[in-house]
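Reading the structure
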Amino acid sequence: MDRQTLRDWVHRYNHDGIDGLSDAHRSGRPPALSAEQMQELKDLVLAGPDLAIHGVTRWRCLDLSAAIAERYGVVVHERTVGKMLRRMGLTRLQPRPYHPKKDGAAQEAFKKTS
């Protein structure tokens, strides 16, 4: 053990008691988006993209990163977007695509004949 470390511990113990020996919580880096912006992002993800406006049929982290940069002026990496989605309780899993011209009657007729 270094002498300086022991000295620091003694001073912390003398000043704050046993509680002084545990490290203090540090604030860390502030979040890139505020709570209101995170809620808007969650609403955007749940609503899904509009092909005419966003140019995509489903959200990817890369697309959301571009949307965040456009809306809020904050550049975040696509991996950070994935972490944000996880913190909001969302996953990156996508449902199977649904074709708008799908015909259920034709599928049932095909199943019966094959």
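This text goes with the structure placed above it.
Okay, so let's go over this structure. What you see is a predicted model; the values in this text were computed from it and never measured. Sequence order as written defines residue numbering, which begins from 1 separately in each chain. Local features are withheld for residues below a pLDDT of 70 in this predicted model, meaning they are given only at 70 or higher, and side-chain atom pairs are given and counted only at 80 or more; totals for whole chains, interfaces and linings count all residues. No hydrogens and no water enter the side-chain calculation; it runs on all heavy atoms of the structure.

The geometry of a pair of packed helices is captured by two quantities: the angle between their axes and the separation between those axes. The geometry of helix α2 (residues 35-47) relative to helix α4 (residues 61-72) is characterised by a closest axis approach of 12 Å and an angle of 135° between their N-to-C directions. As the angle between them shows, α2 and α4 are arranged oblique. α4 is crossed by α2, and the crossing has right-handed handedness. Side by side, α2 and α4 meet where Gln 37, Glu 40, Leu 41, Leu 44 and Val 45 of the first sit next to Leu 64, Ala 67, Ile 68, Arg 71 and Tyr 72 of the second. Partitioned by chemical class, the residues of the contact of α2 with α4 number 7 nonpolar, 1 polar and 2 charged. Note on geometry: axes are C-alpha line fits, over the in-contact stretch for helices, and angles between N-to-C directions span 0 to 180 degrees. Under the scheme used here, helices are H or I runs from DSSP no shorter than 4 residues and strands are E runs no shorter than 2 residues, and both carry numbers assigned from the N terminus. Small angles under 35 degrees read as roughly parallel and large ones over 145 as roughly antiparallel, with 65 to 115 read as roughly perpendicular and the rest as oblique. Crossing handedness is defined as follows: a turn of the near helix away from the far one that is anticlockwise and smaller than a right angle gives a left-handed crossing, while the clockwise case is right-handed. Between two residues, a contact is recorded if the distance between any of their heavy atoms is within 4.5 Å. For this classification, Asp, Glu, Lys and Arg are treated as charged, while Ala, Val, Leu, Ile, Met, Phe, Trp, Tyr, Cys and Pro are nonpolar and the rest, including Gly, are polar.

Okay, helix α6 (residues 104-113) next. Working definition: with a 1.4 Å probe on protein chains only, accessible area under 20% of the residue-type maximum means buried, over 50% means exposed, and in between means partly exposed. With 0 of its 10 residues buried, α6 lies for the most part at the surface. The distance from a side-chain oxygen at the start of α6 to the backbone nitrogen of Ala 105 is 3.4 Å, and the residue carrying that oxygen is Asp 103. Definition of a polar contact: a pair of N or O atoms within 3.5 Å, with one able to donate and the other able to accept a hydrogen when the atoms are protein atoms, and with sequence-neighbouring residues admitted only if both atoms are side-chain atoms.

As a further point, take the pattern of salt bridges. Salt bridge, as used here: a side-chain nitrogen of Lys or Arg that lies within 4 Å of a carboxyl oxygen of Asp or Glu. Tallying each qualifying case throughout the model produces 4 salt bridges. Ionic pairing is found between Arg 7 and Asp 8, a salt bridge with its closest N-O pair at 3.5 Å. Looking at Asp 8, the relative accessible area reads 33%, which means it is partly exposed. Between Arg 12 and Asp 23 there is a salt bridge, with its nearest N and O atoms 3.4 Å apart. On the criterion of sequence distance, the pair formed by Arg 12 in helix α1 (residues 3-16) and Asp 23 in the loop between α1 and α2 is long-range, its members being 11 residues apart.

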